[in-house]
Amino acid sequence: DQNEQPYRTSYHFQPPKNWMNDPNGPLVYKGLYHLFYQYNPKGAVWGNIVWAHSTSTDLVNWTPHDHAIYPSQQADINGCWSGSATILPGDKPAMLYTGIDPQKKQVQNLAVPKNLSDPYLVEWVKSPRNPLAAPTTANQINASSFRDPTTAWLGQDGVWRMIVGSKRRRRGLAVLYRSRDFVHWIKAQHPLHSAPLNGMWECPDFFPVSTNGVNGIDTSSLMDSGVRHVLKVSLDDTRHEYYTIGTYDRSRDRYIPSKGSVENDSGLRYDYGKFYASKTFFDSIKNRRILWGWINESSSVEHDIKKGWSGVQAIPRTVWLDKSGKQLIQWPVVELERLRTKRVDLTNKILRKGSVVSISGVTASQADVEVSFSVWRSDLEKAESLDPTWTNPQLICSQKGASVAGQLGPFGLKVLADEQMKEYTAVFFRIFKRRGNNYVVLMCSDQSRSSLDDDNDKTSYGAFVDVDPQHEELSLRTLIDHSIVESFGGMGKSIITARVYPTIAIGEGAKLYAFNYGAQNVTIPRLSAWSMEKAQINQSQR
Ligand code: FRU
C-alpha cells in the first residue's frame with residue numbers, strides 16, 4: 001500500500017520485495033520480452049544471488065516467473081552473478097553468466113532453455129561442461145576480478161567472441177574469448193580493450209550502432225560501413241559507467257575508441273546520476289537497441305531493511321548514435337507513453353524572472369513531464385561566463401544549487417515538492433558564456449532539499465548538454481515515480497537519474513512547479529504533463 005510504502009514505484013520495474021541489482025540477459029523471444037535480474041530471495045541486502053525472471057509483451061507491464069538460474073552445480077554453488085543473452089542461429093537463446101565456485105573463484109558458465117517451445121523460457125539447463133572459462137595460474141586471470149560476460153558476437157570466420165570484465169593490477173580489462181561451438185572457449189592473447197588506472201571493469205557491453213538513423217543493429221551484424229561500435233564499462237571504483245564510441249578492428253579483434261578512453265571523468269556517461277551495471281540488447285521485433293540499468297537506493301541499509309526492499313530498474317531506453325557521431329541519444333521506450341493519462345498543457349508561457357508557477361491537474365508523484373525553454377537572443381549575451389577551470393558539471397551544480405540566482409537560469413522544474421517548498425527536487429538548466437560567441441548549457445538535478453530526512457544521500461548531480469541555445473530550445477523530460485526522478489535533457493543527450501525520499505511531498509501532498517530564478521525572463525514554448533497510470537509490475541500470481 002502506497003501509504004505504508006511511499007517510495008515504491010508505480011511504473012519502474014521492481015520485485016515485490018527484497019534486494020535487486022543488475023539487469024541480466026535481457027532478450028526478446030517469440031514476441032515476449034524477458035528481463036532477468038540479480039536478486040536476493042532472502043532479504044533487502046545484497047547476498048544469496050540468483051537470477052529472478054519476468055516477461056512482458058510491452059516492456060511496461062511485467063509478469064513474474066520462478067527463478068531462472070540459481071546455484072545448483074559446483075560452478076555456481078556460491079552465487080549466480082551477472083551475464084548476458086546471445087541468440088544462437090535457429091532463434092535459440094543462450095545465457096553466459098558468472099558463477100561463484102566452491103573456492104569462491106569467479107568462473108563463466110552457460111545455461112540454455114530446457115524447452116524452446118515455451119515462450120516464457122521458465123526452465124534453464126546448465127551445461128555439464130561448466131565452467132567454460134576459469135582463472136588459472138597459466139592464464140594469469142585474477143580469480144576475484146573475472147566476471148559479467150557480454151552478449152557474444154559471431155565473426156565472418158564462424159567464430160564466436162565474448163568479453164569478460166576484469167583487471168590486472170589497476171588496469172581495467174575487457175578479456176576476449178573465442179569459441180566455435182559456444183562451449184569450448186579459448187582466451188585470446190590480447191584483451192579487446194583495456195585502460196590504465198581504471199580498476200575493475202564490471203558489466204562490459206560492446207555493440208554496433210548505425211551512423212544514420214535510430215535503428216538498432218544486431219550484435220553479430222557483419223556490416224562494416226555505416227557502423228560504429230560502443231564499449232561501455234562499469235567502474236567498480238567510482239560506481240559510474242563510461243562509454244566510448246569507436247571502431248572495431250575485426251582483423252585484430254581490437255576496439256579503438258575514437259577519442260579519449262573508457263577511463264575517467266572526462267568520458268561519456270549514460271547517466272550523470274544513479275545508473276549502474278547496465279546492458280543493452282537488440283530488439284529484433286522493433287529494430288531498436290534497448291538499454292536497461294540498475295538504480296540503487298540513496299537511503300541507508302537500515303532504511304532498506306525496514307522497507308523490505310532495495311533497488312529499481314530505470315525505464316528501458318532506446319539508444320542510438322547522435323547525428324554528430326559524438327555521443328549516444330537515449331529515450332524512454334515509446335511503449336511507456338501508453339501509461340499517460342490526464343494531460344495538462346502550457347503553450348508560449350513567459351516564465352518571469354524570480355517566479356514559481358504551479359502546474360496543477362496532474363498526479364505529481366507519478367507523472368511524465370515534457371517541457372522546453374527558450375531564451376531571447378538579446379538576453380544570451382548577459383549569460384555569466386564560465387570559468388575555464390570549471391570542467392566538472394556535478395561540482396558546479398553542487399555549488400550553484402536551485403536557490404542560487406543567476407543570469408540565465410536556474411530555470412526548470414521543481415518536482416515532488418510540497419506547497420510550502422519544505423521539500424522539492426529541482427531539475428534545471430543554467431546557460432553560461434564561453435570565450436567567443438559560445439554557450440555552455442548545464443543541467444542539474446539538485447536533491448539537497450528533496451527530503452526533511454537527513455539520513456539520505458542528497459548529493460546533487462550535473463551534466464553538460466550539447467545544445468546551442470542560440471538556435472535550439474532547451475528541452476527536458478522528467479519521469480517522476482514516487483522515489484525516482486529520471487530526467488532527459490536535450491531530447492536524450494544528457495540524462496540524470498536521482499533517488500529521493502520526501503516525507504511530506506508524497507501522495508496528494510506532492511506538487512509540480514516550473515521556476516525561474518535567473519535575472520532574465522524565459523519562454524516555455526510548450527509544456528505537457530501527464531499523470532501516469534500504474535503499470536502491472538510483478539504482482540503476485542496468487
Ligand atoms: C555489478 C556486480 C557485477 C556482479 C554482480 C553481483 O553490480 O557487482 O560485477 O556480477 O553485481 O551481484
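Higher on the page you've got the structure.
About the cut-offs
- Residues numbered from 1 in each chain as written.
- Predicted model: local features only at pLDDT ≥ 70, side-chain atom pairs only at ≥ 80, totals over all residues.
- Heavy atoms only, no water.
- Helix = DSSP H or I, 4+ residues; strand = E, 2+ residues; numbered from the N terminus.
- Rg over C-alpha atoms; globule rule 2.2 N^0.38 Å.
- Buried < 20%, exposed > 50% of the residue type's maximum accessible area, 1.4 Å probe, protein only.
- Contact = heavy atoms within 4.5 Å.
- Areas by Shrake-Rupley, 256 points an atom, 1.4 Å probe, with all protein chains shown as cover.
- Lys, Arg positive; Asp, Glu negative; His and termini not counted.
- Charge placed at Lys NZ, Arg CZ, Asp CG, Glu CD.
- Phe/Tyr/Trp six-rings, centres within 6.5 Å; stacked < 30°, edge-to-face > 60°.
- Lys NZ or Arg CZ within 6 Å of the ring centre and 35° of its normal.
- Near = heavy atom within 4 Å.
- Polar contact = N/O pair within 3.5 Å; in protein donor to acceptor, adjacent residues only side chain to side chain.
- Nonpolar A, V, L, I, M, F, W, Y, C, P; charged D, E, K, R; others polar.
- Core = buried A, V, L, I, M, F, W, Y, C linked by side-chain atoms within 4.5 Å.
- Disulfide = S-S within 2.5 Å.
- Pairing = 2+ DSSP bridges.
- Axes fitted to C-alpha atoms, helices over the stretch in contact; angles between N-to-C directions.

Enquirer: Even after reading the chapter, I still don't get the overall build of the protein, so can you show me in this structure?
Expert: A count of helical and extended segments in the protein gives three helices and 37 strands. Here the protein has a C-alpha radius of gyration of 23 Å; the compact-globule value for 542 residues is 24 Å, and the two agree. Along the longest, intermediate and shortest principal axes, the C-alpha atoms of the protein span 70 × 55 × 40 Å. Taken over 542 residues, the protein has a buried fraction of 61%. For the protein, the share of sequence-separated contacts (at least 6 apart) that also reach a separation of at least 24 residues comes to 64%. For the protein, the computed accessible surface area is about 21500 Å², with 48% contributed by carbon and sulfur atoms. Side-chain charges in the protein split into 63 positive and 55 negative, and the spacing between the mean points of these groups amounts to 4 Å.

Enquirer: Would you mind showing me how to read the packing of aromatic side chains here?
Expert: Each aromatic ring pair is characterised by the separation of its centres together with the angle its planes make. Applying the stated rule across the entire model yields 28 aromatic pairs. Between F13 and W292 the ring centres are 6.3 Å apart and the planes differ by 75 degrees, which places this aromatic pair in the edge-to-face class. Taken together, the residues span a long stretch of sequence, with F13 in the segment before β1 (18–29) and W292 in strand β20 (residues 288–295) at a distance of 279 residues. Take F13: its relative accessible area is 3%, and that puts it in the buried class. Overall, W292 belongs to the buried group, its relative accessible area being 1%. The interplanar angle of 75 degrees and the centroid separation of 6.1 Å between the aromatic rings of F428 and F515 together place this pair among those described as edge-to-face. In this pair, F428 sits in strand β30 (residues 425–434) while F515 sits in strand β36 (residues 511–516), placing the two residues 87 residues apart along the sequence. Given a relative accessible area of 0%, F515 falls into the buried group. Put simply, the rings of F13, Y37, Y39, W62 and W292 pair up and form one aromatic cluster. If you follow K126 out to its NZ or CZ, it ends over the ring of Y70, 5.7 Å from the centre. The ring of W309 has K307 lying over it, and the distance from NZ or CZ to the ring centre is 4.3 Å.

Enquirer: Mind showing me how you'd approach the site of the ligand here?
Expert: As a matter of local geometry, the ligand sits amid N21, D22, Q38, W46, W81, S82, R147, D148, E202, Y276, A277 and W294. In this structure, an oxygen atom belonging to the ligand sits 2.8 Å away from a side-chain N or O atom of D22. R147 is positioned such that a nitrogen or oxygen atom in its side chain is 2.8 Å from an oxygen atom of the ligand. If the ligand stood free it would expose 320 Å²; the protein chains cover 94% of that surface. Grouping the amino acids of the shell around the ligand by side-chain chemistry returns five nonpolar, three polar and four charged.

Enquirer: Looking at this model, I keep getting lost on the nonpolar core. Mind explaining?
Expert: Nonpolar side chains in soluble globular proteins tend to end up buried together. Of all hydrophobic cores here, the largest spans 43 residues; its most connected members are F373, F411, L413, F429, I431 and L512. If we ignore the near neighbours within four places in the chain, the residues touching L512 are V357, S358, I359, V362, A364, V369, K414, V415, I480 and A529.

Enquirer: Is there a simple way to explain the state of the cysteines in this structure?
Expert: Each disulfide is one covalent bond, formed between the sulfur atoms of two cysteines. With the rule as written, the count across this model stands at one disulfide. Free cysteine: C203, not disulfide-bonded; nearest cysteine sulfur from C80 at 15 Å.

Enquirer: Explanation requested: the sheet that holds strand β18 (residues 254–257) in the structure shown.
Expert: With antiparallel pairing, the four strands of this open sheet are ordered in space as β15-β16-β17-β18. The open sheet has two edge strands with one neighbour each: β15 (201–210) and β18. Averaged over all neighbouring strand pairs, the angle between strand axes comes to 40 degrees, with direction disregarded.

Enquirer: Help me understand the environment of S298 in this model?
Expert: Position of S298 relative to the elements: it lies in the loop between β20 and α1 (301–307). S298 sits in the buried class, given a relative accessible area of 5%. For S298 and Y424, which are 126 residues apart along the polypeptide, the C-alpha to C-alpha distance reads 16 Å. If sequence neighbours within four positions are ignored, S298 has contacts with K274, N456, D457, Y461, R499 and Y501. A distance of 3.0 Å separates a polar atom in the side chain of S298 from a polar atom in the side chain of K274.

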